[in-house]
Amino acid sequence: MDQINALKGYGKVTHLELEDQIPPPSKPNSKFLNHKSPRLIAAISAVVLTALIIVLIIGAYIHNFPAGEKSSNSADTINIVCNVTRYPNSCFTPIYSLNSSPEPDPELILKLSLQVSLNELSNMSRWLKTLAAKGDGGAALKDCESQIEDAISQVKDSAAEMESGAGEKTLTESKIGNIQTWMSSAMTEQESCLDGVEEMDSTSFQEVKTRMKKSMEYVSNSLAIVANIHVILEKFNMPLH
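Residues numbered from 1 in each chain as written. Predicted model: local features only at pLDDT ≥ 70, side-chain atom pairs only at ≥ 80, totals over all residues. Heavy atoms only, no water.

Engineer: Can you walk me through the overall build of the protein chain in this structure?
Structural biologist: The secondary structure content of the protein chain amounts to 10 helices and 0 strands. From first element to last, N terminus to C terminus, the protein chain shows the α and β order α-α-α-α-α-α-α-α-α-α. Across the 241 residues that make up the protein chain, the buried fraction comes to 32%. The long-range share in the protein chain, meaning contacts at least 24 apart out of those at least 6 apart in sequence, stands at 70%. Looking at the protein chain as shown, the accessible area adds up to about 15,500 Å², and 57% of this sits on carbon and sulfur atoms. (Helix = DSSP H or I, 4+ residues; strand = E, 2+ residues; numbered from the N terminus. Buried < 20%, exposed > 50% of the residue type's maximum accessible area, 1.4 Å probe, protein only. Contact = heavy atoms within 4.5 Å. Areas by Shrake-Rupley, 256 points an atom, 1.4 Å probe, with all protein chains shown as cover.)

Dropping the structure here:
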């Protein structure tokens, strides 16, 4: 804008000076006007019409573009966070499906990871109850049910720890320590379940092991994220104060 104003002001003259410098207008060439004006007007009209069409197309695109469309930042953030886990693929996919934020937010990714873990453990608990109702697994399966319920409770505590009121931080050193302890316990509960079912030589062991694969990976991912949260936050220039 300064450049434009400078150009406008450059060589500026007064009204009287302008009258002295400008020669009297010559009589227009009627032949020239009759021959050239329609072409000039047509060319200008075509340019204006083209510009109008472009504006309308852009306006329609913006209007129809879905609100809250995930940007590449969202996927990049999840990838960076999930790269600290042992199972990055099983980390990325369910978290990306839940994430609605277009902004890079590693703390939100941790929250979503805990939610993914909780969802799968709840599915596991319902499946174990159905299996036990059939009379398979005996006491070992009952113990496994109880251990999975304990794991669910610990993941719920971890998720609740990240809730914050007005003016409160989502994460503090104390919260990180608590979440890490609870998620480690949730992992141990699942391992104990498998050990118990295997020791009882239950015919359900392989089925339980296969079914529990997802929940164990998800809990492991959550544990890895919280254990490396300081490094992750530093990558986003969001150090924990």
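Engineer: It is not clear to me how the packing of aromatic side chains should be interpreted in this structure. Could you clarify?
Structural biologist: Geometry of an aromatic ring pair is reported as the spacing of the ring centres plus the angle between the planes. Inspection of the entire model under this criterion finds 1 aromatic pair. Ring plane angle 10 degrees and centroid distance 5.4 Å describe the contact between Phe-92 and Tyr-96, whose orientation is recorded as stacked. One end of the pair, Phe-92, and the other, Tyr-96, are both in helix α5 (residues 88-98), 4 residues apart, so they sit about a helical turn from each other. (Phe/Tyr/Trp six-rings, centres within 6.5 Å; stacked < 30°, edge-to-face > 60°.)

Engineer: What's the story with empty space enclosed by the protein in this structure? I'm lost.
Structural biologist: Rolled over the atoms, a probe sized like a water molecule indicates the empty space that remains. Considering all chains together, one arrives at 1 cavity of 30 Å³ or more under this definition. In terms of lining residues, the largest cavity is bounded by Ser-90, Cys-91, Pro-94, Ile-95, Ser-113, Val-116, Tyr-218 and Asn-221. Elements with a minimum of two residues in the lining of the largest cavity: α5, α6 (106-133) and α9 (205-227). Counting residues per element, the lining of the largest cavity draws most heavily on α5, which supplies 4 residues. (1 Å grid on protein atoms, 1.4 Å probe; cavity = no way out; pocket = protein on both sides within 12 Å on 5 of 7 lines; lining within 4 Å. Points joined across faces, edges and corners; volume = space filled by probe spheres on them.)

Engineer: Sorry if this is basic, but what is going on with the state of the cysteines here?
Structural biologist: Linking two cysteines covalently via their sulfur atoms produces the bond known as a disulfide. Per the stated rule, a full pass over the model turns up 2 disulfides. A disulfide bridge connects Cys-144 with Cys-193, and the sulfur atoms are separated by 1.7 Å. Sign of the S-S torsion, about -60 degrees for the bond between Cys-144 and Cys-193, identifies this disulfide as left-handed. Remark: Cys-193 occurs in helix α8 (residues 173-199) and Cys-144 occurs in helix α7 (residues 138-161); sequence separation between them is 49 residues. Each bonded cysteine of the protein chain gets a number by its place in the sequence, and the pairs then read 1-2, 3-4. (Disulfide = S-S within 2.5 Å.)

Engineer: Sorry if this is basic, but what is going on with unusual backbone geometry here?
Structural biologist: Trans is the common state for peptide bonds, and a negative phi is the common state for residues other than glycine. Unusually for a residue other than glycine, Asn-237 sits at a positive phi of about 55 degrees. As for its position among the elements, Asn-237 is in the segment after α10 (229-235).

Engineer: What's the story with the environment of Ala-140 in this structure? I'm lost.
Structural biologist: Mapped onto the fold, Ala-140 is located in helix α7. With a relative accessible area of 7%, Ala-140 lands in the buried category. Taking the C-alpha atoms as reference points, Ala-140 and Val-197, 57 residues apart in sequence, are found 5.1 Å from one another. The residues contacting Ala-140, other than those within four sequence positions of it, are Gly-196, Val-197 and Met-200.

Engineer: When you look at the side chain of Glu-189 in this model, what are you seeing that I'm missing?
Structural biologist: Mapped onto the elements, Glu-189 comes out in helix α8. It is Lys-129 that comes nearest to the buried, bridge-free Glu-189 among opposite-charge side chains, at 14 Å. (Lys, Arg positive; Asp, Glu negative; His and termini not counted. Salt bridge = Lys/Arg side-chain N within 4 Å of Asp/Glu carboxyl O.)

Engineer: Help me understand the packing of α6 against α7, please; the structure alone is not making it clear to me.
Structural biologist: Between two packed helices, the angle of one axis relative to the other and the distance separating the axes together describe the packing. Running from N to C, α6 and α7 cross one another at 160 degrees; their axes reach a closest spacing of 9 Å. The pairing of α6 with α7 is recorded here as roughly antiparallel in orientation. Along this stretch, α6 crosses α7, giving a crossing that reads as left-handed. Together, Leu-114, Ser-117, Leu-118, Leu-121, Ser-122, Met-124, Ser-125, Leu-128, Lys-129, Leu-131 and Ala-132 of α6 and Leu-141, Cys-144, Glu-145, Ile-148, Glu-149, Ala-151, Ile-152, Val-155, Lys-156, Ser-158 and Ala-159 of α7 make up the contact between the two elements. Grouping the constituent residues of the contact of α6 with α7 by class yields 14 nonpolar, 4 polar and 4 charged. (Axes fitted to C-alpha atoms, helices over the stretch in contact; angles between N-to-C directions. Parallel < 35°, antiparallel > 145°, perpendicular 65-115°, else oblique. Left-handed = near helix turned anticlockwise from the far one by under 90°. Nonpolar A, V, L, I, M, F, W, Y, C, P; charged D, E, K, R; others polar.)

Engineer: What is the right way to read the packing of α6 against α9 from this model?
Structural biologist: It is the contact of α6 with α9, at a shortest axis distance of 9 Å, that shows an interaxial angle of 160 degrees. It follows that α6 is roughly antiparallel to α9 by the angle criterion. Both α6 and α9 take part in a crossing whose hand is left-handed. Every residue of α9 that contacts α6 at Leu-110, Ser-113, Leu-114, Val-116, Ser-117, Glu-120, Leu-121, Asn-123, Met-124, Trp-127, Leu-128 and Leu-131 is listed here: Glu-207, Val-208, Arg-211, Met-212, Lys-214, Ser-215, Tyr-218, Val-219, Asn-221, Ser-222, Ile-225 and Val-226. Class assignment for the residues of the contact of α6 with α9 results in 14 nonpolar, 6 polar and 4 charged.

Engineer: Looking at this structure, how should I read the environment of Asp-105?
Structural biologist: Mapped onto the elements of the fold, Asp-105 is located in the loop between α5 and α6. On a C-alpha basis, the gap between Asp-105 and Asn-73 in space is 9.5 Å, while along the polypeptide they are 32 residues apart.

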